[in-house]
Number of protein chains: 2
Amino acid sequence: MTTNPIILDGARVADTIKEQLAQRVLRLAERQVVPCLATVLVGDDPASETYVRMKGSACKRLGMVSRRIHLDRETSTEQLLDVIRQLNEDPLVHGILLQHPVPPHIDERAAFDAISLEKDVDGVTTLGFAQTAFGFGAFPSCTPAAIMAILDAYQLPIEGKHAVVIGRSPILGKPVSLLLLNRNATVTICHSKTQELASIVRSADIVVAAVGRPRFVQGDWIKPGAVILDAGYNKGNIGDVDYDACLQRASAITPVPAGVGPVTIAMLLRHTVDAAENAASAQTIMA
Amino acid sequence: MTTNPIILDGARVADTIKEQLAQRVLRLAERQVVPCLATVLVGDDPASETYVRMKGSACKRLGMVSRRIHLDRETSTEQLLDVIRQLNEDPLVHGILLQHPVPPHIDERAAFDAISLEKDVDGVTTLGFAQTAFGFGAFPSCTPAAIMAILDAYQLPIEGKHAVVIGRSPILGKPVSLLLLNRNATVTICHSKTQELASIVRSADIVVAAVGRPRFVQGDWIKPGAVILDAGYNKGNIGDVDYDACLQRASAITPVPAGVGPVTIAMLLRHTVDAAENAASAQTIMA
């Protein structure tokens, strides 16, 4: 129906962001500050190990430091909280990322909330979420921030648009809904109990798929001209959207891979550089 | 269209809640604990004075204590924060209500967030909002809690229903949207920038009006059989809903007055009794 949809090139958006960050990292180096992201991995899930490695490598490529902490799968909540508290107090660490998911015996929410707000570069704390919801402070979760960055990079209008978000997780569906709302979209939040999902999606100008089910969003659910952001990342590099079918109707769409994913990592790096700059400024004031 | 809509009798729902609370207040008295709500009013807005007086009287009628603090309109943010900190530390105070709005020179958000979480019975803190959003801890804002209590008192189904919330304030539109979402409604959040509001409301099974504009929601916006909750309270006892027109189509509707309003006050009282019980239990454990 729509001809020539825009393929929202996340890899390119991420590269632009990282070029700007590289300049900021150089300026921080002049002040003898090297941004450091501490990643905490509990257990030996191979996918999580890959994610953590990717994030560490992305730091290094920008001249930042990544400190990788790998804890045994038998680690207790209390032990994990101790590790996080040490990282909170370490002035050389600017950002802390606790890789989700942790083993089921650990209280993940308690562990997330132990991360101090100024180092919560992955946007996982309860308080950070509320600040995002109210439109001030803190770092939003990285995937929601990435979705907003892609919309902005392509100057796609948000105000007054009807955004339908499929998914309601604390680090994706809920915060992206509130970010879109705060930018004056009308937002509908859908989930597994939603009835007539297809017809609701058909009314969307902006569709955010955050379900975690491969090719879940069908082509005939898409209103011609809609913008589609696929935050899914399922086994075999498959998104939550039936890309080929949705491409026929969308005015703009993110591919998987090279869509939301690379921008999510760029947001993590940006937040870490922000945190390092904030810490450096605070130190200058104190000195 | 629909015959015999249910008039959702907020006064009756509130009475039932208050009868239960009276029993709990009696049991607390046996432990020498009298629940106390501290109300803080800054300036001399007559409507605010009325609200604070109503809340204080409601406490007294239940055998609870209300401590009224009335500060001069010239009070600074720092002075207000000091008052709140003193109330936080006072073991005889179980709940703190800062009457909105405060004079414009005061940082209201800072003042709200100074209220300790366990005494935030009005549900105004940033962290309390996030806990509501994530479905744990804390006291939700009272009007959102009242809306849920009315739906539950009349056993109106929420799961799978499409709820349209008009308004997105931090203490009403946003938290009620998340409460409905956590009860498995599909939720659309509308506001002043929403386009085609009437057609969106027409798709709603549950309509929550939280706009602050008299008779804003029109009768022909209502899908026959919808449930309408009017959280508006405008000059002259007028709600946000054109009641007579909406009554023709709704299956259930709250009147104004005697709808959401009295249940909101009952929720404030319930949270204060909850807080007093929590404090009493904590003391028993420490003793």
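The name that an unreviewed UniProt entry assigns to chain A is Bifunctional protein FolD, with the source organism given as Paenibacillus piri. UniProt's Pathway (unreviewed entry) comment on chain A is quoted here verbatim: "One-carbon metabolism; tetrahydrofolate interconversion."

**Q** Hey, could you run me through the overall build of chain A in this one?
**A** For chain A, the count of helices and strands is ten helices and nine strands. The globule rule puts the C-alpha radius of gyration for 287 residues at 19 Å, and the 19 Å found for chain A is close to it. Principal-axis analysis of the C-alpha atoms places the extent of chain A at approximately 60 × 40 × 35 Å. Looking at chain A residue by residue over its 287 residues, the buried ones come to 55%. Pairs at least 24 apart in sequence give 71% of the contacts found in chain A among residues at least 6 apart. Of the roughly 12,400 Å² of accessible surface on chain A, a fraction of 52% belongs to carbon and sulfur atoms.

**Q** How should I be thinking about the interface of chain A and chain B in this particular structure?
**A** When the parts of a complex come together, some accessible area is lost, and that lost area is often taken as the interface size. At the interface, 30 residues of chain A touch 31 residues of chain B. Around 2,600 Å² of area is buried between chain A and chain B when both sides are counted, 66% of it from carbon and sulfur atoms. For A:K193, the salt bridge identified is with B:E159, shortest N-O distance 3.9 Å. The interface formed by chain A and chain B holds 15 residue pairs in polar contact (both at pLDDT 80 or more) in total. Of all elements in the fold, only α5 (126-134), α7 (173-182) and β6 (186-190) of chain A reach the threshold of two or more residues within the side of chain A that touches chain B. Per-class residue counts for the side of chain A that touches chain B are 14 nonpolar, eleven polar and five charged.

**Q** Help me understand the UniProt feature "binding site: NADP(+)" (unreviewed entry) in chain A in this model?
**A** Following the UniProt record, one finds the feature "binding site: NADP(+)" (unreviewed entry) at A:G167, A:R168 and A:S169. Apart from the residues lying within four places of it in its own chain, the contact partners of A:R168 are A:G173, A:K174, A:I189, A:H191, A:S192, A:K193, B:L181, B:N182 and B:N184. There is a polar contact of 2.8 Å between the side chain of A:R168 and the backbone oxygen of B:L181. Looking at where A:S169 falls in the secondary structure, it is placed in the loop between β5 (162-166) and α7. Among the residues examined, A:S169 registers a relative accessible area of 30% and is labelled partly exposed. When near neighbours in sequence (up to four residues on either side) are disregarded, A:S169 contacts A:K174 and A:P175.

Conventions used here
- Residues numbered from 1 in each chain as written.
- Chains lettered and ligands numbered in written order.
- Predicted model: local features only at pLDDT ≥ 70, side-chain atom pairs only at ≥ 80, totals over all residues.
- Heavy atoms only, no water.
- UniProt positions renumbered as here; feature names shortened; annotations may be inferred.
- Helix = DSSP H or I, 4+ residues; strand = E, 2+ residues; numbered from the N terminus.
- Rg over C-alpha atoms; globule rule 2.2 N^0.38 Å.
- Buried < 20%, exposed > 50% of the residue type's maximum accessible area, 1.4 Å probe, protein only.
- Contact = heavy atoms within 4.5 Å.
- Areas by Shrake-Rupley, 256 points an atom, 1.4 Å probe, with all protein chains shown as cover.
- Buried area = accessible area lost by both parts, 1.4 Å probe.
- Salt bridge = Lys/Arg side-chain N within 4 Å of Asp/Glu carboxyl O.
- Polar contact = N/O pair within 3.5 Å; in protein donor to acceptor, adjacent residues only side chain to side chain.
- Nonpolar A, V, L, I, M, F, W, Y, C, P; charged D, E, K, R; others polar.

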